Amino acid sequence: MKPYTATIADYPRTTLKIVFFFIFVALTFFFVGKHFSDGSSPQLIFFSATTAAATSEVTVSPNFNQFFNVSAIIDAHTPPKPPVPLPVPPPASEPQDVFKRFGILNENGTMSDEFEVGDFEDGAPDEAGNVSLVAEDSDSAPRVSVSKFGMCPRSMSELIPCLDNEDAIRKLQSTERGERFERHCPEEGKRFNCLIPPPKGYRPPIPWPRSRDEVWYSNVPHTRLVEDKGGQNWISKVKDKFRFPGGGTQFIHGADQYLDHISETVPDIKFGQNIRVALDVGCGVASFGAYLLSRNVITMSVAPKDVHENQIQFALERGVPAMVAAFATRRLLYPSQAFDMIHCSRCRINWTRDDGILLLEVNRMLRAGGYFVWAAQPVYKHEEVLEEQWKEMLNLTTRLCWKFLKKDGYVAIWQKPSDNSCYLNREAGTQPLLCDQSDDPDNVWYANLNACISRLPENGYGANVARWPARLHTPPDRLQSIKFDAFISRNELFKAESKYWGEIIGSYVRVLHWKKMKLRNVMDMKAGFGGFAAALVDQNLDSWVMNVVPVSGSNTLPVIYDRGLIGAMHDWCEPFDTYPRTYDLLHAANLLSVEKKRCNVSSIMLEMDRILRPGGRAYIRDTLAIMDELIEIGNAMGWHVTLRDTSEGPHASYRVLVCDKRLRG
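The rules behind each value
- Residues numbered from 1 in each chain as written.
- Predicted model: local features only at pLDDT ≥ 70, side-chain atom pairs only at ≥ 80, totals over all residues.
- Heavy atoms only, no water.
- UniProt positions renumbered as here; feature names shortened; annotations may be inferred.
- 1 Å grid on protein atoms, 1.4 Å probe; cavity = no way out; pocket = protein on both sides within 12 Å on 5 of 7 lines; lining within 4 Å.
- Points joined across faces, edges and corners; volume = space filled by probe spheres on them.
- Nonpolar A, V, L, I, M, F, W, Y, C, P; charged D, E, K, R; others polar.
- Domains from an automatic or database assignment.
- Helix = DSSP H or I, 4+ residues; strand = E, 2+ residues; numbered from the N terminus.
- Expected span 1.5 Å × (residues − 1).
- Buried < 20%, exposed > 50% of the residue type's maximum accessible area, 1.4 Å probe, protein only.
- Contact = heavy atoms within 4.5 Å.
- Pairing = 2+ DSSP bridges.
- Axes fitted to C-alpha atoms, helices over the stretch in contact; angles between N-to-C directions.
- Parallel < 35°, antiparallel > 145°, perpendicular 65-115°, else oblique.
- Left-handed = near helix turned anticlockwise from the far one by under 90°.
- Right-handed = clockwise from strand over helix to strand, strands pointing away.
- Polar contact = N/O pair within 3.5 Å; in protein donor to acceptor, adjacent residues only side chain to side chain.
- Disulfide = S-S within 2.5 Å.

As recorded in an unreviewed UniProt entry, the protein goes by Methyltransferase and comes from Vigna angularis var. angularis. The record in UniProt for the protein states the following under Sequence similarities (unreviewed entry): "Belongs to the methyltransferase superfamily."

Below, the structure is given as structure tokens:
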């Protein structure tokens, strides 16, 4: 018998349908799998179960630990919305980018000083090209997309926007109390939107410590102070440099001799120990603060932008801490009990006017037990008008409970009380009165002066700080009074921040050779407890730090001063009170992603460009989500930008944007 051979016709129709169905399903999975594995589409991570065995295994997709920008993929398949144009003039034809590097990192991470400065033509600023608004979520301000920022005219090379607002100053109802020297910021839409050029012939600054004694004339090309103060040993011009002999109106024999005189007059004034932080009012070219640095005293030198308007510019060019500020109608931007000593040498301030309202501001900022040093004509000149001013000063300081210590030659020194007992024991009705309990002496942002005596904390906070250098790492009492939510010990937070920045700065010193960089004037734009600045001190870097506490966060400024550091309150939605080109390094950690909810990030970065020196750099440590925008703005400003991983590695949500400021030629 022949064997039976089945043919396709022998199968029932139902069975054939099932076979074809399974073939179709298999082919479908084959092509789908190929689509997700050919590199054209992102893959998922699959975990496959194994057969029963002695050990179980997990099969992992080759895409494990890989990052895919899902938003970008979605955007790529979504038709773009047309940008909404800003109300600006039509952009000019875009010139070619021709850059000359200005202080660039080499392959070892060291900044090179071999660079050139481009020339700028006077005239109208170039237009910024391709400006458009990019809509974002409701919590953020609209983002401005800019392909390129133009150059401002050279006439703006020394612009301080909030102090040079002539339109606002002309509209002031009164200027008799110095209102014109206070902040009057331009309205939104009227602020500068271009790059501030340097003066013609600008050169890399002379490094510290030589800069204490000489700076390039071309960097601050003004001779008004030489003409007015040359005979008082302030400043002189020799060829292409300004020279600073170290003298002043009251200390023509030199600042060192003057400082010795003060410490000999009151032996308890031990510079570098119980005197660590000072304020010099009407500082001139800041020789007082410059010479205190060698005695471990850091001085905030302040002066208004008045007839001697370049005083602060000279101070910062020398590498001395300084800031434009005026005693007028508002509080200065420093906390209560900030300064161990406040000094005024011929500062041209009438301390007794309006029943001493300006001296009351000094009292607010002076630490409990701190010293006020006054060197002025009423102290030593025997003329009827001046002797009357001296009597008024003695009367006022007595009512303020200041203890008059000594008058020696042309210097008089007082000491502030350490508690409120004297204030409370004065005769009833004695003026000025104590401030109301509700008055916050640390509220300084656009806060008016109060004609009252700021109370000292009953718990003694602020009075009992450790001596330098121990106070740098000693958690101060006022740490407990900072208004913020803390679920662990504040002392532990303080120490953790110091350790965090200590490790980061240590790595910068090792890897990026920070000690070889010419860093002198440094700003921490969001200072916290001052851990970044403390780390620079620990590394013995030859620099000082302006610690800025933004108004958008907790007011930690009292803690910074209690540590023996300096700083100021500021709102980064407005320009800072300093001249252009006054900082070598700007450090911004977790700042821009926060402030972009309040104002435009490009305006903050333009301000950073204004105050950053050519050849300087900015370190921006922030979330990955904002980095594309910052890179775009940095490129539009002509910065050289490099995105680096943090110590947490490439999969962390934070990055560090290292920016070199360079100039377009």
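A few points about the layout of surface pockets
In this structure, the second largest pocket spans a volume of roughly 790 Å³. Lining the second largest pocket are 34 residues, with Ser336, Asp439, Asp440, Pro441 and Asp442 positioned closest to its centre. A per-class count over the lining of the second largest pocket returns 12 nonpolar, 12 polar and 10 charged. Three or more residues apiece are contributed to the lining of the second largest pocket by two domains, here domain 1 (251-423) and domain 2 (468-659).

What about helix 12 (residues 490-511)?
Counted at 1.5 Å a residue, the expected span for helix 12 with its 22 residues is 32 Å, and the 32 Å between its end C-alpha atoms agrees. Of all the residues in helix 12, the buried ones are Arg490, Phe494, Glu497, Ser498, Trp501, Ile504, Ile505, Gly506, Tyr508 and Val509. Those residues of helix 12 that are buried are in contact with helix 13 (531-538), helix 14 (557-562), strand 18 (583-589), strand 19 (612-623) and strand 21 (654-660). At the C-terminal side of helix 12, histidine 513 shows a positive phi close to 55 degrees.

Here we look at the sheet that holds strand 12 (residues 366-375)
With mixed pairing, 7 strands are arranged side by side in an open sheet as 10-9-8-11-12-14-13. The open sheet is flanked by strand 10 (322-324) and strand 13 (403-408), the only strands paired with a single partner. Each adjacent strand pair in this sheet contributes to an overall mean axis angle of 20 degrees, direction not counted. Alignment of strand 8 (residues 277-281) against strand 9 (residues 298-303), held across 5 bridges, turns out to be parallel. By the bridge assignment, valine 277 is partnered in strand 9 with isoleucine 298. Contacts from helix 5 (residues 255-265) reach strand 11 (339-345), strand 12, strand 13 and strand 14 (411-415), with the element oriented near 50 degrees to strand 14. Across the face of the sheet, helix 8 (residues 353-365) comes into contact with strand 8, strand 11 and strand 12 while running at roughly 135 degrees to strand 12.

Focus on the packing of helix 8 against helix 10 (residues 384-399)
Where helix 8 meets helix 10, the closest approach of the two axes is 11 Å, and the angle between their N-to-C directions is 60 degrees. The orientation of helix 8 relative to helix 10 falls into the category oblique. Where helix 8 crosses over helix 10, the handedness of that crossing is right-handed. Residue-level inspection shows Asp355, Gly356 and Leu359 of helix 8 in contact with helix 10, the latter providing Met393, Leu396, Thr397 and Arg399. Looking at side-chain class alone, the contact of helix 8 with helix 10 contains 3 nonpolar, 2 polar and 2 charged residues.

Considering the pairing of strand 16 (residues 544-550)
In terms of burial, strand 16 is largely enclosed, as 7 of its 7 residues are buried. On strand 16, burial covers both faces: Trp544, Met546, Val548 and Pro550 on one face and Val545, Asn547 and Val549 on the other are all buried. Of the strand pairs in this sheet, strand 15 (residues 521-524) and strand 16 are connected by 4 bridges, and their pairing is parallel. Directly across from asparagine 521, in strand 16, lies its bridge partner tryptophan 544. At this point the chain moves from strand 15, through helix 13, to the parallel strand 16, and the crossover so formed is right-handed. Bridging between strand 16 and strand 17 (residues 566-570) involves 5 bridges; their strand directions are parallel. Each bridged residue has a counterpart across the sheet, and for valine 549 the counterpart in strand 17 is methionine 569.

Points about unusual backbone geometry
Negative phi values dominate among residues other than glycine, just as trans dominates among peptide bonds. In this model, tryptophan 208 is joined to proline 209 through a cis peptide bond whose omega is 10 degrees. Mapped onto the elements, proline 209 comes out in the loop between helix 3 (166-170) and strand 5 (214-216). Each neighbour pair has its own omega, and for glutamine 431 with proline 432 the value is -5 degrees, a cis peptide bond. Residue placement: proline 432 occurs in the loop between helix 11 (421-424) and helix 12. If you check the backbone angles, aspartate 355 has positive phi at about 55 degrees while not being a glycine. Even without being a glycine, tyrosine 446 presents a positive backbone phi close to 55 degrees. When you line up the elements, tyrosine 446 lands in the loop between helix 11 and helix 12.

A few points about the side chain of asparagine 547
The residue asparagine 547 is located in strand 16 in this model. From its side chain, asparagine 547 meets the backbone oxygen of isoleucine 566 in a polar contact 2.8 Å long. Ignoring sequence-local partners within four residues, the contact set of asparagine 547 consists of Asp524, Ala527, Gly530, Ala533, Leu557, Ile560, Leu565, Ile566, Gly567 and Ala568.

Considerations on the state of the cysteines
A full pass over the atoms with the stated rule returns 6 disulfides. Bridging cysteine 344 to cysteine 347, the disulfide has an S-S length of 1.9 Å. Taking the sign of the S-S torsion, -80 degrees for the link of cysteine 344 and cysteine 347, the bridge is left-handed. Classification of cysteine 347 by relative accessible area gives buried; the value is 10%. Cysteine pairing in the protein follows 1-4, 2-3, 5-6, 7-8, 9-10, 11-12, where each cysteine in a disulfide is numbered by its order in the sequence.

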